[in-house]
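Understanding the architecture of this molecule
Residue strings, one per chain:
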Amino acid sequence: MPKFILDGKEIEFEQGQTIIQAAKKSGITIPHFCWHESLSISGNCRVCLVEIEKMPKLAIACSTLAAEGMVVYSESDKALSARNAVMEFELINHPLDCPICDEAGECKLQDYAYSHGNGESRFNEEKAHKDKRVPLGPLVMFDGDRCISCSRCIRFCDEIAKESQLTFIKRGDRVTIVTYPGKQLDNPYSMNVTDICPVGALTSRDFRFKARVWELSSTKSICNGCSRGCNINLEVRNNQVLRLTPRQNDEVNSFWMCDHGRVNTYKFINAEDRVDSPYLRRKGALARSGWDEAFAAASSELKSYSKNEIAFIGSPYATCEDNFILSKFATQIIGTKHMDFIRHFNTSFGDNFLRQGDVTPNSFGAKAVGIFPGKGGLDLDGIIKAVKDGQIKAVYLMEDDMIAFNPELQEIFSKLDLFIVHATNFNKTTELADIVFPASTYAEKHGTIVNSDGRVQRLKPAVATFDVDRALEGMSLSRWDKFGTKFDSWAEGNKRDARSSWRILAGLSGAMGHKYKYGTAEEVFMDIAKSINAFSGLDYEVIGELGAKLKLDSVTKPVIA
Amino acid sequence: MEKIVLPDIKDLHLIDVYIQNGGYTALKKAFSQTPDDIIDQVKKSGLRGRGGAAFFAGLKWSFMPKTSSKPKYLCINGDESEPGSFKDRQILEFNPHQLIEGTLIEAYAIQANAAYIYIRGEYHKWIKLLEKALADAYEYGFVGDKMKEKLGGNYSVNIYVHKGAGAYICGEESALMNSIEGKRGYPRVKPPFPAQNGLWGCPTTINNVETVANVPPIINKGWEWFSKIGEPKHPGTILYGLSGHVNNPGIYELPSGTLLTDLIYKYGGGVPGNKKILCVIPGGSSMPPLRGEQIEGIKMDAESLKAAGTSIGTAGIIVMDEDTDLVQVLARIAKFYYHESCGQCTPCREGTGWMLKLLNRIAKGEGSTHDLDLLISVASNIEGNTICALGEAAAWPVRFMITRFRDYFETCVSREVTIPVANKVHSLRHTEYPLAPIKD
Ligand SMILES: Cc1cc2nc3c(=O)[nH]c(=O)nc-3n(C[C@H](O)[C@H](O)[C@H](O)COP(=O)(O)O)c2cc1C
Ligand code: SF4
Ligand code: SF4
Ligand code: SF4
Ligand code: FES
């Protein structure tokens, strides 16, 4: 491989790579604002100016191609003085309103001002002013004063979202961002601009002023909005999820996520209507019960039906671990062959970028770990028909609001003699249930899900429940958690008495006289890897933060209509 | 004295008069030779660009790839927006066919598939005049499809007149190309240069109106003839623009290397009221100004002016007499570049405004010597750090005016550092700012 020298270090590069790219591959970050790995080069911020031997002028590292034997200095007097000069220019008209700016704490301008700024200003004139608090679209707010005109947001819309909605207008220090006449920043990926905006010029209208970012703990997780499985960070304060941000995974979502995933998939976690303990129907109404009481009730009820009268419905929202145990429970303990799960498909949601028509995170995994009818058993349509006909008298449903999904089922399912449901929130389906178990959400448990490409990815708890111990599970902490704050009330009010579905099933099977040996989700997964070919060779370590592919030849992709 | 670009011929702008005077014969002659022959002759003639940088025209043409799967383009730059510069419009008005003929020859030499003549929007009248001339040339078969029939051979090309919308920056070659493409007039990051990646990403050559207007005579009369006019290193005549405090302002076509003092006194008729000259900007407002006592013996060509610490630019000479308020002048120049900065890159976007604010404060009598140093520092921080040369265009007048007229400016400011109290503590304990050595 050819090499060049950066600040005395040899850097390998590939033909066609720029200095900044090659340096980054070698773990060296040259300061930059406008450059972004997956956007075109605009070369406008000038903060990446470096000195190159034999070149008369400084050159920008983001657009200058690396060449064999090139000698580059990013820390020489000349390079530093240019960088300081650019930083001074960036700051002269900047409002410096960090104390009230959402970006503070994750702001490139703030970071570079610390590391490369002069620490004091030579600018004593009136600052230029621009429009503030301009809604560019339903989800993004613009502050013109803070904008450093790096054009990242414009390039994102043009090149990634492929809907040109933003542009610069005016000239000089009057330049500012607007939407094109008659347009809004409303593409399905619009909020990514709030992540790539290096400053607080573009902020999320969903998150604005909810928290200082250093108060948040961040947990690596996966979006549950559709079967793409975009990698995300779950950002939590005081046991409440306050925002989701995309996490880079070049195999899945690059740097991005869709707005639906970002704003519509976490609020149910914090919602008031969470199921917070087991419930039993007494005199027509659901009433809170203890776990043992609920297990005993479910156990004795289930035992009163013959196995052919019971059907199980797994969940494309639940983890592989949950579905695996459900399938085991159904086939081994109950012995029924009637088992399936519900496909949730929305063609208008899918696009040719990230969003998938299958709007559940784990239909692939649910099927792969065994949620399908046994030989001669009923599939979903068969189960519904059999419920209608009275042949199926008991249904055990895990984490799916099937009645909301198909209101026609309401009448049919009210015929059931026994309806046991695992649910995260009270909903249309729990209204019909005889026994409701409180299920943990994807943000409250360990587990794996498989995206539409057959990629297994990991969920980790970010929100504490009675079921997960913050210390034991190694949950992430925010700065304030670590150092103590009045906001830190994890241990208090907000904890819910919910459990992972697999653990609920394990408890129930214990009550039915059959003890599962699993202590953790990881142990369940080890069993999956042992017993299901597609998962062989995988464990939580191998899956890691970025996931791992299933052996696709050994599993057929679930057909989703 | 021979005039090449603006000869004293009545009604030369009419196509028939132009033809009667030998017009469009260079085109026929050029078409009988290979494109490389033409480039070679232009190279040997020593013709240098008249758009500001005095780059060798033939050399620039030779950068065009000989084989290319993409179309090639020619752009002629008539954006002429630099204060002090008003020469190209004379060509558009009085000798448009020589521009058209030069454009056709250059297009042939670089084998362009189309040529664009870009003219600043404010030149309504001159755009009309050129469009009329172009329509006539089309009718006579010199341009477009009919060329093949009229001139023989296999080459034909269309010329389009493109009107700017009022932005100085669109005279910068890559901004000009973006403008033609219908985009914001933002200069592009170079490399890649236009010869590789120009208009619509295709190989493109760009030349100034005056540069191209010199081409037909070079083909007709030969490169040797041309190379002997004026200074050997920057041969030919130059359209000098005289403005400011001179008795006879205007455009003077004279051999390169004409003495600056001759231009002002012999041709320009001297300074009104016989006042002394305080300052002369020799090449349009962006070029480093000279002190009145510096101009004796200075020749007006690229090399001589470089040696004198300034630059030929567009040869727009701005004369300022002893009663001129240089602070106002500099503030006005700074305002122009502030207004025209496209705002794309940080140092120019922010720095032009800062310099203007400082100068306005000094003009109000509220400046200090500290501000003069700050101005020089800000200007130096812009220079060399920007995407395009507007950065230098904005910084040079400030840095050179203040360094060359330091004595003058010191009389306009106080020695007391007058900065707001709130900032005082901060700025007075100002740590040494790491700066590249100030260039002079
Ligand atoms: C800010 C800026 C403005 C410019 N304006 C003009 C102009 O109005 N006309 C022009 O011919 N060249 C202008 N130039 C120079 C062009 O970029 C280019 O160098 C020139 O057109 C090349 O022609 P030449 O080689 O024939 O001189 C400008 C350059 C800059 C940086
Ligand atoms: S809004 Fe943000 S991303 Fe867009 S140009 Fe301004 S600073 Fe850059
Ligand atoms: S594309 Fe799918 S997985 Fe990705 S963020 Fe959107 S809903 Fe979530
Ligand atoms: S130097 Fe000025 S005019 Fe040129 S690209 Fe930068 S901001 Fe625009
Ligand atoms: S990162 Fe290179 S110019 Fe902005």
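The shown structure was predicted, so the numbers you read here are calculated from the model rather than taken from an experiment. Chains are numbered independently. Their residues run from 1 in the order of the written sequence. Chains and ligands are labelled by the order in which they are written, letters from A for the one and numbers from 1 for the other. A pLDDT threshold of at least 70 governs which residues receive local features in this predicted model, and a stricter bar of 80 or more applies before side-chain atom pairs are shown or counted, although totals over entire chains, interfaces and linings include all residues.

**Quick notes on the nonpolar core**
- By definition, a nonpolar core groups buried Ala, Val, Leu, Ile, Met, Phe, Trp, Tyr and Cys residues that connect through C-beta atoms lying within 7 Å of each other. Here the C-beta atoms are placed from the backbone, and a residue counts as buried if at least 20 other C-beta atoms lie within 10 Å of its own, exposed if 12 or fewer do, and partly exposed otherwise. By size, the foremost hydrophobic cluster in this structure holds 284 residues, and its most contacted members are A:Cys48, B:Cys75, B:Ile105, B:Tyr240, B:Val280, B:Ala334 and B:Met355.
- The contacts of B:Val280, once residues within four sequence positions are left out, are B:Leu260, B:Pro289, B:Leu290, B:Gly292, B:Ile295, B:Ile317, B:Ile318 and B:Val319. A pair of residues counts as a contact when their C-beta atoms, built from backbone coordinates, are within 7 Å of each other.

**Describing the pairing of strand β4 (residues 204-208) of chain B**
- Note on conventions: DSSP H or I runs of at least 4 residues are helices, E runs of at least 2 residues are strands, and numbering of each starts at the N terminus. Taken across its five residues, β4(B) has five buried, putting it largely inside the fold.
- On β4(B), burial covers both faces: B:Thr204, B:Ile206 and B:Asn208 on one face and B:Thr205 and B:Asn207 on the other are all buried.

**Some words on the site of ligand 1**
Residues and elements named next belong to chain B.
- Only the C-beta atom matters for nearness: placed from the backbone, it must lie within 6 Å of the molecule or strand for the residue to count as near. In the vicinity of ligand 1 there are 23 residues, among which Gly-49, Gly-51, Gly-171, Asn-208 and Thr-211 approach most closely.
- Those elements giving two or more residues to the shell around ligand 1 turn out to be β4 and α18 (390-404).
- Each residue is assigned to one class: nonpolar for Ala, Val, Leu, Ile, Met, Phe, Trp, Tyr, Cys and Pro, charged for Asp, Glu, Lys and Arg, and polar for all the others, Gly among them. Class assignment of the residues belonging to the shell around ligand 1 gives a composition of nine nonpolar, nine polar and five charged.
- Of the domains in this structure, domain 1 (15-227) and domain 3 (326-428) are the two that each give at least three residues to the shell around ligand 1. Domain start and stop points were drawn from an automatic or database domain assignment.

**Quick word on the domain arrangement of chain B**
Residues and elements named next belong to chain B.
- Taken domain by domain, chain B holds domain 1 (15-227), domain 2 (237-321) and domain 3 (326-428).
- Each of domain 1 and domain 2 has a C-alpha centre, and these two points are 27 Å apart.
- Facing the 11 residues of domain 1 at the interface are 14 residues of domain 2.

**Some remarks on the domain arrangement of chain A**
Residue and element names in this part refer to chain A.
- By domain assignment, chain A separates into domain 1 (3-92), domain 2 (125-270) and domain 3 (279-462 + 493-554).
- Centre-to-centre separation of domain 2 and domain 3, based on C-alpha positions: 34 Å.
- With 26 residues of domain 2 at the contact, the number on the domain 3 side is 29 residues.
- The set of elements that each furnish at least two residues to the side of domain 2 that touches domain 3 consists of β11 (217-222), β12 (231-237), β13 (240-246) and α7 (267-270).
- With four residues, the single largest contributor to the side of domain 2 that touches domain 3 is β11.

**Side note on the site of ligand 3**
Residues and elements named next belong to chain A.
- As a structural note, the neighbourhood of ligand 3 is formed by 14 residues, with Cys-223, Gly-225, Cys-230, Cys-258 and Gly-261 the closest of them.
- Taken together, the residues of the shell around ligand 3 sort by class into six nonpolar, six polar and two charged.
- Summarising the domain contributions, the shell around ligand 3 has at least three residues from each of domain 2 (125-270) and domain 3 (279-462 + 493-554).

**Focus on the packing of helix α6 (residues 96-110) of chain B against helix α7 (residues 124-139) of chain B**
Residue and element names in this part refer to chain B.
- Axis lines are fitted through C-alpha atoms, for helices just across the contact stretch, and the angle between N-to-C directions can take any value from 0 to 180 degrees. Contact geometry for α6 and α7: axes closest at 9 Å, N-to-C directions at 60 degrees. As the angle between them shows, α6 and α7 are arranged oblique. Once α6 is placed against α7, the crossing between them reads as right-handed. For the pair α6 and α7, contact is made by Pro-96, His-97 and Ile-100 and by Leu-129, Leu-130, Ala-133, Leu-134 and Ala-137, respectively. In these notes the angle categories are as follows: under 35 degrees is roughly parallel, over 145 is roughly antiparallel, 65 to 115 is roughly perpendicular, and the rest is oblique. Helix crossings get a hand from a simple test, with the near helix turned counterclockwise from the far one by less than a right angle marking a left-handed crossing and a clockwise turn marking a right-handed one.

**Brief notes about the sheet that holds strand β10 (residues 202-204) of chain A**
Residue and element names in this part refer to chain A.
- Pairing within the open sheet is antiparallel, and its three strands lie in the order β6-β7-β10. Two strands in the sheet have a free side with no partner beyond their single neighbour: β6 (134-135) and β10.
- The sheet contact formed by strand β7 (residues 140-142) and β10 spans three bridges and is antiparallel. Counted as the bridge partner of Met-141 is Thr-203 from β10. By this definition, two strands are paired if DSSP reports at least two bridges between them.

**What to know about the sheet that holds strand β2 (residues 114-119) of chain B**
Residues and elements named next belong to chain B.
- Read across the open sheet, the four strands follow the order β3-β2-β1-β4; overall the sheet is parallel. If you trace the sheet from one side to the other, it starts and ends with β3 (158-163) and β4, each paired once. Here the strands of the sheet are splayed against their neighbours by 20 degrees on average, with no regard to which way each runs.
- Bridge analysis of strand β1 (residues 73-78) against β4 gives five bridges, and the strand direction is parallel. Paired with Leu-74 across the bridge in β4 is Thr-205.
- α7 rests against β2 and β3 of the sheet, and its axis sits at about 170 degrees to β3.

**A closer look at the interface of chain B and chain A**
- Counting residues at the interface gives 34 residues for chain B and 36 residues for chain A.
- At 10 residues, helix α16 (residues 346-363) of chain B tops the list of elements feeding residues into the side of chain B that touches chain A.
- Taken together, the residues of the side of chain B that touches chain A break down into 15 nonpolar, 15 polar and four charged.

**Focus on helix α11 (residues 380-389) of chain A**
All names here are of chain A.
- Those residues of α11 lying buried are Ile-383, Ile-384 and Val-387. Buried residues of α11 fall within an arc of 100 degrees about the axis and therefore sit on the same side. Looking at α11, the residues exposed on the side facing more than 90 degrees away from the buried face are Asp-381 and Asp-389.
- Against the buried residues of α11 lie β16 (310-314), β17 (339-341), β18 (394-398) and α13 (409-413).
- Directly after α11, the chain includes Gly-390, whose backbone phi takes a positive value near 85 degrees. For this quantity, the arc is that covered by the directions from the helix axis to the C-beta atoms.

**Let's talk about α6(B)**
Residues and elements named next belong to chain B.
- Here a helix's expected span is defined as the number of its residues, less one, multiplied by 1.5 Å. In this model α6 runs 21 Å from its N-terminal to its C-terminal C-alpha over 15 residues, within 8% of the 21 Å that 1.5 Å per residue would give.
- The element α6 is extensively covered by neighbouring structure, given that 15 of its 15 residues are classed as buried.
- Within two residues after α6, Gln-111 carries a phi angle of roughly 55 degrees, on the positive side.

**Let's talk about the packing of helix α15 (residues 326-340) of chain B against α16(B)**
Residue and element names in this part refer to chain B.
- As a packed pair, α15 and α16 sit with axes 9 Å apart at the nearest point and diverge in direction by 155 degrees. Accordingly, the angle class assigned to the pair α15 and α16 is roughly antiparallel. As α15 runs across α16, the sense of the crossing is left-handed. Here Val-327, Gln-328, Leu-330, Ala-331, Ala-334, Lys-335, Tyr-337 and Tyr-338 of α15 lie close against α16, whose contacting residues are Thr-352, Gly-353, Met-355, Leu-356, Leu-359, Asn-360, Ile-362 and Ala-363.

**Focus: the pairing of β13(A)**
- Burial analysis of β13(A) places five of its seven residues in the buried class, which makes it a mostly covered element.
- Hairpin connection between β12(A) and β13(A): a loop of two residues separates the two successive antiparallel strands, and A:Asn238 in this loop has a positive phi of roughly 55 degrees.

**Focus: the confidence of the model for chain B**
Residues and elements named next belong to chain B.
- Averaged over chain B, the pLDDT score is 94; the fraction of residues at 70 or greater is 94%.
- Known as pLDDT, the predictor's per-residue confidence is scaled from 0 to 100. With pLDDT under 50 throughout, residues 421-435 is counted as low confidence; its partners more than four residues away or in other chains account for 17 contacts.
- This prediction of the complex comes with two scores: 0.94 for pTM and 0.93 for ipTM.

**What to know about the environment of B:Leu278**
Residue and element names in this part refer to chain B.
- Structurally, Leu-278 can be placed in strand β8 (residues 277-281).
- Measuring from C-alpha to C-alpha, the distance between Leu-278 and Met-320 comes to 5.7 Å, with 42 residues separating the pair along the chain.
- In this structure, Leu-278 is in contact with Gly-292, Met-320, Asp-321, Glu-322, Thr-324 and Leu-326, ignoring residues within four places of it in sequence.

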